[in-house]
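Observations on the three-dimensional arrangement
The chain contents come next:
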Amino acid sequence: MPELPEVEVVRRGLVSWVRGRTITAVDVLDPRSVRRHTLGPEDFAGNLEGARVLDVVRRGKFLWLPLADPEAGDPDAPAAEKPAVALMAHLGMSGQLLMQDAGVPDEKHLKVRLRLSPAEGMPEQLRFVDQRIFGGLFLTSLIPTADGGPGGLAETPLPLIAAEAAHIARDPLDPYFSFDGFYRRLRARKTGLKRALLDQGLVSGIGNIYADEALWKARLHYARPTDTLRRAEAERVLDAAREVMTDALAAGGTSFDSLYVNVNGASGYFDRSLNAYGREGQECKRCAAAGLVSTLRRDQFMNRSSYSCPVCQPRPRNGRW
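Residues numbered from 1 in each chain as written. Predicted model: local features only at pLDDT ≥ 70, side-chain atom pairs only at ≥ 80, totals over all residues. Heavy atoms only, no water.

1. Examining the pattern of salt bridges
Taken as a whole and judged by the stated rule, the model has 26 salt bridges. Between Asp174 and Arg170 there is a salt bridge, and its shortest N-O distance comes to 2.8 Å. Owing to a relative accessible area of 6%, Asp174 belongs among the buried residues under this scheme. Residue Arg170 is classed as buried on the basis of its relative accessible area, which comes to 7%. Here Arg297 makes a salt bridge to Asp299, at a shortest N to O gap of 2.6 Å. A single salt-bridge network, built from bridges that share partners, covers Glu8, Arg11, Arg12, Arg58, Glu155 and Asp171. (Salt bridge = Lys/Arg side-chain N within 4 Å of Asp/Glu carboxyl O. Buried < 20%, exposed > 50% of the residue type's maximum accessible area, 1.4 Å probe, protein only.)

Right under this line is the structure:
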């Protein structure tokens, strides 16, 4: 499943192509991909046609496009515009948002097509392609953020958030992320460190791959009890998560699955730089550089896997698994 860096790659690609353009027509080719829009495909299409895309916003792994009527004004105008509705995109396991010219043949698993107003040198269509049909598109309300800050990363941040994303915390790349608030809530939990990092109500956007990479970089075991974590250790693992995800962004994301691509259809390359995830039985790069012999291990974890080094990430006493 795409994690924060993959969704941010998509956001950055989309915003340069769709911001300020009007949705002129909508083709729902598979109603299953708009099933979360409870009023049905016709209502979905009818409410989108004529709407103008103001921005592309991301919080954690949630992505949405605030919408306005075509007459609502310049998207670069100062905050006079307060959109009430957004198009929510849930990528699921295999969802892709692709910008394509009208002459490009339909993809085999094309589910929804948005036709956009003309813009010089830009593709005419935004296509939602989804092989496994776990993702989808739907319209949602925008509501004020609880802390008064921007809803998420955006070109023109507004203190509004998609209703379906209001329950999740800010992510480590968000300038409004509060370490003090994170650490206070982290210490109050009686759980293992990786479970806490995967809790979207505590910190959003860190999935299984990047949790393992951040823990390896921070030299902390995934079962370390959160209520014993010192402030410096919490800072270390959060800094590691930021560093890992920033590096992944620079590489275009991690692509173990050919179904993850950016808006131009290109895959990322960060999987070539992984230090822990997926490397069971291989040497620990850090230990090898220090002249130590250690091979990475894989443990079952929450119906998934956790990868760690038994030497530089020792198992804690009284670990919480």
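Picking up where we left off.
2. A look at the sheet that holds strand E7 (residues 110-116)
What the four strands build is an open sheet, ordered E1-E7-E8-E6; its pairing is antiparallel. With partners counted over all chains shown, the strands left at the sheet margins are strand E1 (23-28) and strand E6 (95-100), one partner each. On average, each strand axis in the sheet is tilted by 15° relative to the strand beside it, whichever way the strands run. Across five bridges, E7 lies against strand E8 (residues 125-130) in antiparallel orientation. By the bridge assignment, Val112 is partnered in E8 with Phe128. Helix-sheet contacts for helix H1 (residues 4-18) involve E6, E7 and E8, and the interaxial angle to E6 is about 30°. (Pairing = 2+ DSSP bridges. Helix = DSSP H or I, 4+ residues; strand = E, 2+ residues; numbered from the N terminus. Axes fitted to C-alpha atoms, helices over the stretch in contact; angles between N-to-C directions. Contact = heavy atoms within 4.5 Å.)

3. A look at the nonpolar core
Core analysis: the biggest nonpolar cluster contains 33 residues, and Phe182, Leu186, Leu193, Ile206 and Leu215 have the highest contact counts within it. Those elements giving two or more residues to this core turn out to be helix H3 (179-188), helix H4 (193-197), helix H5 (208-218) and helix H6 (231-250). By residue number, the principal contributor to this core is H6, which donates eight residues. Sequence-distant contacts of Ile206, that is, excluding residues within four places in its chain, are made with Glu3, Pro172, Leu197, Leu198, Gln200, Ala211, Ala241 and Met245. Counting residues in hydrophobic clusters, the runner-up holds 29 residues, among them Val34, Phe44, Leu116 and Leu139. (Core = buried A, V, L, I, M, F, W, Y, C linked by side-chain atoms within 4.5 Å.)

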